[in-house]
Amino acid sequence: MSDDAIHDDSMNDNSMNDDLINNNLINDNLMHENVTRQEALREVPAGLFGRTLNAIQPDVDMNKIAGSHDILFICLDTLRYDVAAEEESKGTTPVLNRYGPWEKCQAPGNFTYPSHHAMFAGFLPCPYDAKSIADRQPLFFPVNAGMGKRAPAGAFGFSGATIMEGLEKAGYDTWCVGGVAFFDKRSDLGRVFPGYFRRSYWNPSFACPVKDSTGNQVDFLLKKIEKADRDIPVFLYLNIDAIHYPNYFYLDGAVHDSLESHGAALRYVDGQLGRLFERWKAVRGSTFVICCSDHGTCYGEDGCQFHGINHPAVTTVPYKHFTL
């Protein structure tokens with residue numbers, strides 16, 4: 001049997017399962033709400049779940065951003081919410097503080113790989129107190145993912161497998177500047193995420209064990225934007241790995257990673273982001289920034305270490321978006 005035939009069979013099986021699930025949701029909903037079957041079919045499942053948070057009007061309309069602004073998606077890989085909030089309160093991250101407070105959010109995954117698959121499909125970190133999928137206020141909305149065909153207010157509805165694919169259809173050039181090994185292109189696994197972009201870049205000076213990795217990434221980008229066509233909008237994904245292990249060398253005298261060195265790494269990153277933001281705005285003009293963590297990590301809490309586990313220190317992350 002050909003690969004195409006196997007693929008087609010798989011799609012048919014999934015469609016049958018989805019139909020059964022959707023019909024159950026629709027039937028349950030029609031018992032409690034005065035909606036037509038046709039309306040329900042268009043909005044399964046998000047439109048069938050009542051909001052549990054107070055309805056909030058979006059603070060940005062991505063349909064106005066897309067096409068008129070560059071978009072920078074900056075992932076501070078492994079940054080914990082509690083550390084980010086503490087540095088914010090002490091005023092030791094002045095660049096990031098300039099753009100508003102961190103929002104406490106739920107991570108879409110508990111380590112880099114699952115989290116990025118979700119985020120690249122438009123499922124960014126959601127409010128910490130969200131009780132259902134309807135409590136999300138998405139910036140990007142995949143219109144063919146079984147959640148309805150109509151994007152919520154303020155969300156950019158896209159077709160394709162990723163937000164990058166959707167933005168490319170809207171005229172964007174898409175760039176990836178990698179950090180952690182999932183973006184290094186040195187293995188089959190390390191080529192998956194870079195393959196989602198038209199242009200992807202990584203070199204050993206961007207790697208986790210390099211103390212000035214973020215500075216090297218910023219230096220690279222500052223040179224690249226000088227040569228880029230200013231008439232073509234850019235979507236940049238930047239994976240900053242300085243906060244990921246090892247980070248002990250950002251704290252004088254430290255010999256192992258800790259919450260304190262985690263914070264020191266964030267302070268270092270903050271200074272480098274200042275250079276990037278200042279020059280990007282000067283060269284490229286209006287720019288929308290999404291800045292968040294993909295997951296946190298543990299330093300011995302409840303006997304837990306590292307990430308890839310569902311501990312609150314791992315699954316609680318900081319998020320913010322803003323315009324330069």
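Keep in mind it's a predicted model, so treat the numbers as computed, not measured.

Each pair of aromatic rings is reported with the distance of its centres and the angle of its planes. One pass over the full model with this rule turns up 24 aromatic pairs. With a centroid separation of 6.3 Å and an interplanar angle of 35 degrees, the aromatic rings of Phe197 and Tyr237 are classed as tilted. Taken together, the residues span a long stretch of sequence, with Phe197 in the loop between strand S6 (173–177) and strand S7 (199–201) and Tyr237 in strand S8 (residues 234–240) at a distance of 40 residues. For the pair Phe197 and Tyr237, one class covers both residues: buried. Here Tyr201 and Phe220 contribute two aromatic rings whose centre-to-centre distance is 5.1 Å and whose plane-to-plane angle is 55 degrees, an arrangement assigned as tilted.

A separate point is the sheet that holds strand S9 (residues 287–292). A sheet is described by the order of its strands in space; here 8 strands give the open sequence S3-S2-S12-S9-S1-S8-S6-S7, paired in mixed fashion. Since the sheet does not close on itself, it has two edges, and those belong to strand S3 (126–127) and S7, each with one partner. Where strand S1 (residues 70–76) and S8 come together, 6 bridges link them in parallel fashion. Looking across to S8, one finds that Cys75 is bridged to Asn239. Packed on one face of the sheet, helix H4 (residues 81–90) meets strand S2 (103–106) and strand S12 (316–323) and runs near 50 degrees to S12.

Where H4 meets helix H9 (residues 259–284), the closest approach of the two axes is 10 Å, and the angle between their N-to-C directions is 60 degrees. By the angle between their directions, the pair H4 and H9 is classed as oblique. Once H4 is placed against H9, the crossing between them reads as right-handed. Contact residues: Val83, Ala84 and Glu87 in H4; Leu259, His262, Gly263, Leu266 and Arg267 in H9. Residue composition of the contact of H4 with H9, by class: 4 nonpolar, 2 polar and 2 charged.

With 81% of its residues at a pLDDT of 70 or more, the protein has an overall mean of 85. Confidence drops under pLDDT 50 across residues 1–37; counting only partners more than four residues distant or on other chains, this segment forms 20 contacts.

Let's shift gears to the pattern of salt bridges. Side chains bearing opposite charge may pair, as long as their charged atoms lie close to each other. For the structure shown, the criterion picks out 12 salt bridges. With a shortest N-O distance of 2.6 Å, Asp173 and Arg199 are connected by a salt bridge. Taken together, the residues span a long stretch of sequence, with Asp173 in strand S6 and Arg199 in strand S7 at a distance of 26 residues. Taking the relative accessible area as the measure of exposure, Arg199 reaches 39% and is therefore partly exposed. Note that Asp219 is salt-bridged to Arg275, the shortest N-O span being 2.9 Å. Placement of Asp219 in helix H8 (residues 213–227) and of Arg275 in helix H9 is noted, with a sequence separation of 56 residues between them. Here Asp219 falls in the partly exposed class, since its relative accessible area comes to 31%.

On to the pairing of S1. By the criterion of burial, S1 is predominantly enclosed, with 7 of the 7 residues buried. Burial along S1 is two-sided: the face carrying Asp70, Leu72, Ile74 and Leu76 and the face carrying Ile71, Phe73 and Cys75 are both buried. Pairing between S1 and S9: 6 bridges, direction parallel. Bridge assignment links Leu72 to a residue of S9, and that residue is Val289.

Rules and cut-offs
Residues numbered from 1 in each chain as written. Predicted model: local features only at pLDDT ≥ 70, side-chain atom pairs only at ≥ 80, totals over all residues. Heavy atoms only, no water. Phe/Tyr/Trp six-rings, centres within 6.5 Å; stacked < 30°, edge-to-face > 60°. Helix = DSSP H or I, 4+ residues; strand = E, 2+ residues; numbered from the N terminus. Buried < 20%, exposed > 50% of the residue type's maximum accessible area, 1.4 Å probe, protein only. Pairing = 2+ DSSP bridges. Contact = heavy atoms within 4.5 Å. Axes fitted to C-alpha atoms, helices over the stretch in contact; angles between N-to-C directions. Parallel < 35°, antiparallel > 145°, perpendicular 65-115°, else oblique. Left-handed = near helix turned anticlockwise from the far one by under 90°. Nonpolar A, V, L, I, M, F, W, Y, C, P; charged D, E, K, R; others polar. pLDDT = per-residue confidence, 0-100. Salt bridge = Lys/Arg side-chain N within 4 Å of Asp/Glu carboxyl O.

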